[in-house]
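Reading the structure
These are the residues of each chain, in order.
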Amino acid sequence: MNITINQVLQSYIDPLTASEYAALERSLLAEGCRDALVLWNDVLIDGHNRYAICRQHGIEFKTIQNASFTSLDDVMLWMIDNHLARRSVSDFQRGVLALRKKEIVAARSPAPVSAQDAPDGENAPKPPMSTREEVAKAARLSSNQISQIEKIQKAASPELVEAVRSGTISINAAATVASLPPEEQVAAVAGGKKLLRQAAKEIREQRAATRTPREPKVHVSQDTPETGNEPWAENAAQTPSEAERLRGEIASLKQRVVQLQAQNVELEQRIAALIDAS
């Protein structure tokens, strides 16, 4: 039987961890492949890990055809919905899959009708999956998490993406670290989970320190007119800005420490590699 592996479709599958793959392998060796692999013509669309293990060990398997698809996009949407429904799929991967579904649906949808071209009294219909809220609902995540995943996809280095995919760092922390230059992201990942968390913390602290402070609220009796020359007025205007400046300096120094630690880890790795080469 000729079975084709489509690399694009296979990329929709969240890779199993080493322990998960070993558990599946033990199950197939002990009980055989009980669930049939699903094909679209000769393309495998469900059961990639089982197929690889069965081929490796010569385990017999069955196949079934799903003839309901008319295009590769139909297959992609079916695979995405299939994986979104599984509990074993991580939050990050569900967000990635939901965003892919949004792209496919948008490409298949007709061009939106403008408000001017819509019939009188009717609002122009919105295509499905066109809002962040709809994407979040499909992924069972919050709109903020979807926004963070979009940022990771746009700005994160491959090493950082792999770290969040494997669960080494949270979505929230990865989106924060993604604001660093790529080389600093790589160095932070090389430093391990502790350095990644510390880097995310320092970035948040720096952002908080540089945020424009709110105007201080001072209670003044309605019966007392303000002149702007009261003793409290000068202190209220000056003290918060000085405190914010100091917090900003502290946050900058902390972030510099994190950067130096990441550079130190990278240098240690280079030295180790040179020693091994010699």
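Residues numbered from 1 in each chain as written. Predicted model: local features only at pLDDT ≥ 70, side-chain atom pairs only at ≥ 80, totals over all residues. Heavy atoms only, no water.

1. A short note on the overall build of the protein chain
When its secondary structure is counted, the protein chain shows 12 helices and three strands. In the protein chain, which comprises 278 residues, the proportion classed as buried is 33%. Partitioning the contacts of the protein chain with sequence separation of at least 6, the portion at a separation of at least 24 is 70%. Working note: accessible area of the protein chain is about 17700 Å², and carbon and sulfur atoms make up 51% of it. (Helix = DSSP H or I, 4+ residues; strand = E, 2+ residues; numbered from the N terminus. Buried < 20%, exposed > 50% of the residue type's maximum accessible area, 1.4 Å probe, protein only. Contact = heavy atoms within 4.5 Å. Areas by Shrake-Rupley, 256 points an atom, 1.4 Å probe, with all protein chains shown as cover.)

2. A short note on the pattern of salt bridges
For the structure shown, the criterion picks out seven salt bridges. Of the charged contacts in the structure, one is a salt bridge between Asp46 and Arg86, with a shortest N-O distance of 3.1 Å. Taken together, the positions of Asp46 in strand β2 (residues 43-46) and Arg86 in the loop between α4 (72-84) and α5 (91-108) put the pair 40 residues apart, joining distant regions of the chain. For Asp46, a relative accessible area of 13% translates into the label buried. Its relative accessible area of 31% is what places Arg86 among the partly exposed residues. Linking Asp74 and Arg108 is a salt bridge whose minimum nitrogen-to-oxygen distance equals 3.0 Å. Of this pair, Asp74 sits in helix α4 while Arg108 sits in helix α5; the two residues are 34 residues apart in sequence, bridging distant segments of the chain. (Salt bridge = Lys/Arg side-chain N within 4 Å of Asp/Glu carboxyl O.)

3. Considering helix α8 (residues 158-165)
Within an α-helix, residues lying three or four positions from one another point in the same direction, as the helix has 3.6 residues per turn. Within α8, burial applies to Leu160, Val161, Ala163 and Val164. What you see down the axis of α8 is that its buried residues fit within an arc of 160°, all on one side. On the buried face of α8, the contacting elements are α5, α7 (143-155), α9 (171-177), α10 (182-190) and α11 (193-210). Immediately beyond the C-terminal end of α8, within one or two residues, lies Gly167, with a positive phi of roughly 90°. (Arc of directions from axis to C-beta.)

4. Structural notes on the side chain of Asp46
A polar contact of 3.1 Å, which involves the side chain of Asp46, links it to the side chain of Arg86. Not counting the four nearest positions on each side in its chain, Asp46 is found in contact with Leu37, Val38, Trp78, Asn82 and Arg86. (Polar contact = N/O pair within 3.5 Å; in protein donor to acceptor, adjacent residues only side chain to side chain.)

5. Looking at the pairing of strand β1 (residues 37-40)
Of the two faces of β1, the one carrying Leu37 and Leu39 and the one carrying Val38 and Trp40 are both buried. With three bridges connecting them, β1 and strand β3 (residues 63-65) associate as parallel partners. If you follow Leu37 over to β3, its bridge partner there is Thr63. One ladder, built from three bridges, connects β1 with β2; its direction is antiparallel. (Pairing = 2+ DSSP bridges.)

6. Notes on the nonpolar core
Among the nonpolar cores identified, the biggest contains 48 residues, and Ile45, Phe92, Ile152, Leu160, Ile169 and Val177 are the most heavily contacted of them. Look past the residues within four positions of Ile45 in its chain and what remains in contact with it is Leu9, Val38, Leu39, Trp40, Asn66, Phe69, Val75, Trp78 and Met79. (Core = buried A, V, L, I, M, F, W, Y, C linked by side-chain atoms within 4.5 Å.)

7. Section: the sheet that holds β1
Overall, mixed pairing links the three strands, which are arranged β2-β1-β3 in an open sheet. A strand with exactly one partner marks an edge of an open sheet, and here the two such strands are β2 and β3. Averaged over all pairs of adjacent strands, the angle between their axes in this sheet comes to 45°, without regard to strand direction. Across the face of the sheet, helix α3 (residues 48-57) comes into contact with β1 and β2 while running at roughly 120° to β2. (Axes fitted to C-alpha atoms, helices over the stretch in contact; angles between N-to-C directions.)

8. Notes on unusual backbone geometry
Non-glycine residue Asn41 carries a positive phi angle of around 60°. If you check the backbone angles, Arg140 has positive phi at about 60° while not being a glycine. Along the chain, the position of Arg140 falls in the loop between α6 (132-139) and α7. Relative accessible area serves as the criterion here: at 47%, Arg140 is assigned to the partly exposed category.

9. Some words on the state of the cysteines
If you walk through the whole model with that rule in mind, you get zero disulfides. With no disulfide partner, Cys33 has as its closest neighbouring cysteine sulfur the one in Cys54, 4.1 Å distant. Overall, Cys33 belongs to the buried group, its relative accessible area being 13%. (Disulfide = S-S within 2.5 Å.)

10. Here's the deal with the packing of α8 against α10
Where α8 meets α10, the closest approach of the two axes is 8 Å, and the angle between their N-to-C directions is 40°. Overall, the two elements α8 and α10 adopt an arrangement that is oblique. Where α8 crosses over α10, the two elements pack in a sense that is left-handed. Between α8 and α10, the residues in contact are Glu159, Leu160 and Ala163 and Gln185, Val186 and Val189, respectively. When the residues that make up the contact of α8 with α10 are grouped by side-chain class, the tally is four nonpolar, one polar and one charged. (Parallel < 35°, antiparallel > 145°, perpendicular 65-115°, else oblique. Left-handed = near helix turned anticlockwise from the far one by under 90°. Nonpolar A, V, L, I, M, F, W, Y, C, P; charged D, E, K, R; others polar.)

None of the figures reported here should be taken as evidence of function without further support.
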